[in-house]
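The residues making up each chain are set out below.
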Amino acid sequence: MLTQTTTRVLEPSDLDAALAVLDREPVANAFVTARVRMAGLDPWRLGGEMWGWYEDGMLESLCYAGANLVPICASPRAVRGFADRARRAGRRCSSIVGPAEATAQLWRLLEPSWGPAREVRSQQPLMVADRLPGDITPDPYVRRVRKDEMETIMPACVAMFTEEVGISPLSGDGGLLYQARVAELVGSGRSFARLDADGRVVFKAEIGASTELACQVQGVWVAPEYRGRGYAAPGMAAVMRYALADVAPLVSLYVNDFNTAARATYRRVGFKEVGAFMSVLF
């Protein structure tokens, strides 16, 4: 018996069906789910298109196509369909990111026409915690960054991004979009930091994507001169305390597999590996 399949750009009327797919994996899909719940499926508000993969008339898989290309609950057949559409459209994204298996297949299909990538990070453990560590006291000096502290936090955010991604977020548009994103996190009370006596950032992190079920910690950074001095674990515990109390019952993050120090810190504060992401950077 043949199965009828198709891909198409979803419309606002498809919102409930799309959310049903996203809610199958609330931790892995937190980033896209948060955007969809805030903006719906209108491409202008969403910042990209949402592609749907249908089998026998039922929406089974999704792919977010914006600044990032993100396969969501994507079966191998769906990935092939999304790759065909992406090839026809041409590359408009700065990265492909998502669950490792689907992302790896998507990249294998797209690499001949989209490659080479600037960098491929094939294994990024996805980690989750649902409670505070019992043996680590949250750093009492980690607090929400105030709106009047943008000039204080921005250099630390730029340093973190450059160190993590390999390029400065100030390139291209001069950093306008990145600064707006940092300001959004500060303004919504989801940017956290510890400052030293001179007002410089010692530790920082943000709660990025968030839904009712899960939130994602991002931008974790300790200033180079303070590394190895025990600030990371208590700082993370402090951010977890805020997240679990005010945002969602599950706190997640993903980390590069080669960052052994960070992985050890996250395990120490109670994060457990539940899967893996993959990122292809252009």
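Residues numbered from 1 in each chain as written. Predicted model: local features only at pLDDT ≥ 70, side-chain atom pairs only at ≥ 80, totals over all residues. Heavy atoms only, no water.

**What about the layout of surface pockets?**
Rolled over the atoms, a probe as big as a water molecule pinpoints where empty space is left. Spelled out, the test is: Lining residues are defined by having an atom within 4 Å of a point belonging to a cavity or pocket. Those points lie on a 1 Å grid over the protein atoms alone, cavities being sets where a 1.4 Å probe fits but cannot get out and pockets being open sets with protein on both sides within 12 Å along at least five of seven lines. Grid points are joined across faces, edges and corners, and a volume is the space filled by probe spheres set on the points. For the purposes of this entry, the term helix denotes a DSSP run of H or I that reaches at least four residues, the term strand denotes a run of E that reaches at least two, and both are numbered from the N terminus. Amino acid classes used here: Ala, Val, Leu, Ile, Met, Phe, Trp, Tyr, Cys and Pro are nonpolar; Asp, Glu, Lys and Arg are charged; the rest, including Gly, are polar.
Empty space within the second largest pocket amounts to approximately 230 Å³. W51, A65, A89, G90 and R92 are the residues nearest the centre of the second largest pocket, which is lined by 14 residues in total. Counting residues per element, the ones that place at least two in the lining of the second largest pocket are β2 (49-55) and α4 (76-89). Sorting elements by how many residues they give to the lining of the second largest pocket places α4 first, with 4 residues. Considering only residue class, the lining of the second largest pocket consists of 8 nonpolar, 2 polar and 4 charged.

**Quick look at empty space enclosed by the protein**
Going through the model one piece at a time under the given rule, you end up with 1 cavity of 30 Å³ or more. By volume, the largest cavity amounts to about 40 Å³. Around the largest cavity, the lining residues are R143, V145, E149, T152, I153, A193, L195 and V201. Going through the elements one at a time, α6 (150-165) and β8 (191-195) are the ones with two or more residues in the lining of the largest cavity. Among the residues forming the lining of the largest cavity, the class breakdown is 5 nonpolar, 1 polar and 2 charged.

**Brief notes about unusual backbone geometry**
Note: most residues except glycine have negative phi, and most peptide bonds are trans. Condition: Accessibility here uses a 1.4 Å probe with only protein chains present; expressed as a share of the type maximum, an area under 20% marks a residue as buried, one over 50% as exposed, and anything in between as partly exposed.
Cis peptide bonds are those with omega within 30 degrees of zero, and the linkage from G115 to P116 qualifies with 0°. Of note, D56 is a non-glycine position whose phi angle comes to about 50°, a positive value. Here D56 is to be found in the loop between β2 and β3 (58-65). Residue class for D56 comes out partly exposed when judged on its relative accessible area of 46%.

**Topic: the pairing of strand β4 (residues 68-72)**
Consecutive side chains along a regular strand alternate between the two faces of the sheet. Cut-off, in case you're wondering: Two strands qualify as a pair provided DSSP detects at least 2 bridges between them.
Among the 5 residues in β4, 5 count as buried, and that is most of the element. Residue alternation in β4 divides its side chains into two sets, N68, V70 and I72 and L69 and P71, and both sets are buried. Relative to β4, β3 runs antiparallel, the two being bridged by 4 bridges. Residue pairing across strands places L62 opposite I72, the latter belonging to β4. Linking two consecutive strands that pair antiparallel, namely β3 and β4, is a turn of 2 residues.

Don't take any of this as a statement about function, it's just geometry.
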